[in-house]
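Below are the chains, spelled out letter by letter.
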Amino acid sequence: MPVKVQGELPAKEILERENIFVMDENRAVHQDIRPIEIAILNLMPLKEETELQLLRSLSNTPLQISITFMMVSGHQSKNTSTSHLNQFYVTFDEVRGKMFDGMIITGAPVEQLEFEEVDYWDELVTIMDWTKTHVTSTIHLCWGAQAGLYHHFGLKKRMLDKKMFGLFWHKVSNRKIPLVRGFDDVFLAPHSRHTEISAEDIHNCKELMVLAESDEAGVFLTMTHDGRQIFVMGHPEYDRVTLDGEYKRDLGKGLPIEIPKNYYRDDDPANPPLLMWRSHANNMYTNWLNYYVYQVTPYDLMGTPDFSSI
């Protein structure tokens, strides 16, 4: 899939080395089709790492995609340089008048705070409300999913006794829904979180349908019936070594952390991690782009999406 990125984003060179087609501005403007406009609100601390992960995840369809990375203005990033943010990111105020085909709201390492205690919560609420009128379909990831379910439907999170950490088995609940088309009956997906929204609360919310869940990790994938809001409780975009890095980081800080489940060969951290979730992660993003963005979004972004064929 041709992904168009802004300028010389550091991820561009890495993606090209992986034989992923990254389109420059000149090539993009000479295409006869309109590129799909995707906004990514990146709330993760290691923004360049998340950029690369998400661009990999979005790189598996023949659709032309134009990416706009967004940041919140009410928070100072400690792990990403100001020059990188100024060069490759926009604030909400810069795009609030624009329409997007799709949007991704990432997770954030603030889950142990109450939502209202997060310093950019009010701005995030404004953005989430804005997506309902300016974005065809929005994916919310991990803490972003909990934040979206809390704001839109009043579902509260709760602390877990220990961190949900590793790869967990999930069952597909509703195979007829296009978002999980091509999924196996059971599949692995990464989780890394201290909180959850109870499966019972999600099942009891009439505006939502559950598409995949785990006996151990709870609901993994749920969405509104029209597909305009999608909530993913884990991190399907994670690379092979992301959980490994988090595990070693927490060990180094002396934090209570267990070996990530189902992740290392023979559950031995001395062995390399096993990559066992990439195909389903790619499938989910491809299905989203095709069925919930490309197939329903109008050519003129000011038009009305048509979900009747989903």
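Residues numbered from 1 in each chain as written. Predicted model: local features only at pLDDT ≥ 70, side-chain atom pairs only at ≥ 80, totals over all residues. Heavy atoms only, no water.

Asker: When you look at the overall build of the chain in this model, what are you seeing that I'm missing?
Answerer: When helices and strands are tallied, the chain shows ten helices and twelve strands. Restricting to contacts in the chain with at least 6 residues of sequence separation, those with at least 24 account for 72%. When the accessible surface of the chain is summed, it comes to about 14,100 Å², and 48% of that surface belongs to carbon and sulfur atoms. (Helix = DSSP H or I, 4+ residues; strand = E, 2+ residues; numbered from the N terminus. Contact = heavy atoms within 4.5 Å. Areas by Shrake-Rupley, 256 points an atom, 1.4 Å probe, with all protein chains shown as cover.)

Asker: What am I meant to see in the side chain of His152 here?
Answerer: Following the sequence through the fold, His152 ends up in helix H7 (residues 143–153). Polar side-chain contacts of His152 include one of 3.2 Å to the side chain of Gln229. (Polar contact = N/O pair within 3.5 Å; in protein donor to acceptor, adjacent residues only side chain to side chain.)

Asker: For this particular structure, what's the right way to read the pairing of strand S7 (residues 135–141)?
Answerer: Remember that side chains alternate between the two faces of the sheet whenever the strand is regular. Of all seven residues that make up S7, seven are buried, and the element is covered over most of its length. For strand S6 (residues 100–105) and S7, the ladder comprises five bridges, and the chain directions are parallel. Looking across to S7, one finds that Met103 is bridged to Thr138. For the crossover from S6 across helix H6 (residues 121–134) to S7, the handedness is right-handed. Relative to strand S12 (residues 229–232), S7 is paired through four bridges, and the arrangement is parallel. (Buried < 20%, exposed > 50% of the residue type's maximum accessible area, 1.4 Å probe, protein only. Pairing = 2+ DSSP bridges. Right-handed = clockwise from strand over helix to strand, strands pointing away.)

Asker: Sorry, what's going on with the pattern of salt bridges here?
Answerer: Opposite charge on two side chains permits them to pair, given that their charged atoms come into close proximity. In the structure shown here, the tally under the stated rule is 14 salt bridges. Here Glu196 makes a salt bridge to Arg158, at a shortest N to O gap of 2.8 Å. With a gap of 38 residues between them, Glu196 in strand S9 (residues 186–196) and Arg158 in strand S8 (residues 158–172) connect regions that are remote in the sequence. Glu196 sits in the buried class, given a relative accessible area of 14%. (Salt bridge = Lys/Arg side-chain N within 4 Å of Asp/Glu carboxyl O.)

Asker: Would you mind going over the environment of Glu258 with me for this structure?
Answerer: Mapped onto the secondary structure, Glu258 falls in the loop between helix H9 (242–252) and helix H10 (278–294). When the C-alpha atoms of Glu258 and Tyr247 are compared, they prove to be 7.9 Å apart, with eleven residues separating the residues in sequence. Apart from the residues within four sequence positions on either side, Glu258 is in contact with Lys162, Phe165 and Tyr247. One polar contact links Glu258 to Lys162, side chain to side chain, over a distance of 3.3 Å.

Asker: What should I look at first to understand the packing of aromatic side chains in this one?
Answerer: How two aromatic rings sit relative to each other is given by the distance of their centres and the angle of their planes. Applying the stated rule across the entire model yields 15 aromatic pairs. Linked through ring pairs, Phe115, Tyr120, Trp121, Trp143 and Tyr150 together constitute an aromatic cluster. Its end group placed over the ring of Phe115, Lys157 keeps NZ or CZ at 4.4 Å from the ring centre. Directly above the aromatic system of Tyr291 lies the positively charged group of Arg181, at a separation of 4.8 Å from the ring centroid. (Phe/Tyr/Trp six-rings, centres within 6.5 Å; stacked < 30°, edge-to-face > 60°. Lys NZ or Arg CZ within 6 Å of the ring centre and 35° of its normal.)

Asker: Would you explain the packing of H6 against H7 in this entry?
Answerer: How two helices sit against one another is set out by the angle between their axes and by the gap between those axes. Orientation of H6 relative to H7, taken along the N-to-C sense of each, is 75 degrees, at an axis distance of 11 Å. Classed by the angle they form, the pair H6 and H7 counts as roughly perpendicular. Across the interface between the two elements, Trp121, Leu124, Val125, Met128, Asp129 and Lys132 from H6 touch Trp143, Ala147, Gly148, Tyr150, His151 and His152 from H7. A breakdown of the residues in the contact of H6 with H7 according to their chemical character gives seven nonpolar, three polar and two charged. (Axes fitted to C-alpha atoms, helices over the stretch in contact; angles between N-to-C directions. Parallel < 35°, antiparallel > 145°, perpendicular 65-115°, else oblique. Nonpolar A, V, L, I, M, F, W, Y, C, P; charged D, E, K, R; others polar.)

Asker: Honestly, the nonpolar core in this entry has me stumped. Any pointers?
Answerer: A general trend in soluble globular proteins is that nonpolar side chains are found buried together. Within the largest apolar cluster, 38 residues are counted, with the highest numbers of intra-cluster contacts made by Ile38, Ile104, Leu179, Leu221 and Trp288. Trp121, Leu124, Trp143 and Ala147 belong to the second largest nonpolar core, which has 25 residues in total. (Core = buried A, V, L, I, M, F, W, Y, C linked by side-chain atoms within 4.5 Å.)

Asker: Which parts of the structure should I look at to understand the environment of Ala108?
Answerer: In this structure, Ala108 sits in the loop between S6 and H6. With a relative accessible area of 9%, Ala108 lands in the buried category. Leaving out residues up to four positions away in the same chain, Ala108 has contacts with Leu43, Met44, Tyr120 and Trp143.

Asker: Can you walk me through the environment of Asp184 in this structure?
Answerer: With respect to the secondary-structure elements, Asp184 resides in the loop between S8 and S9. If we skip the residues at most four places from it in the chain, Asp184 touches Val172, Arg175 and His280.

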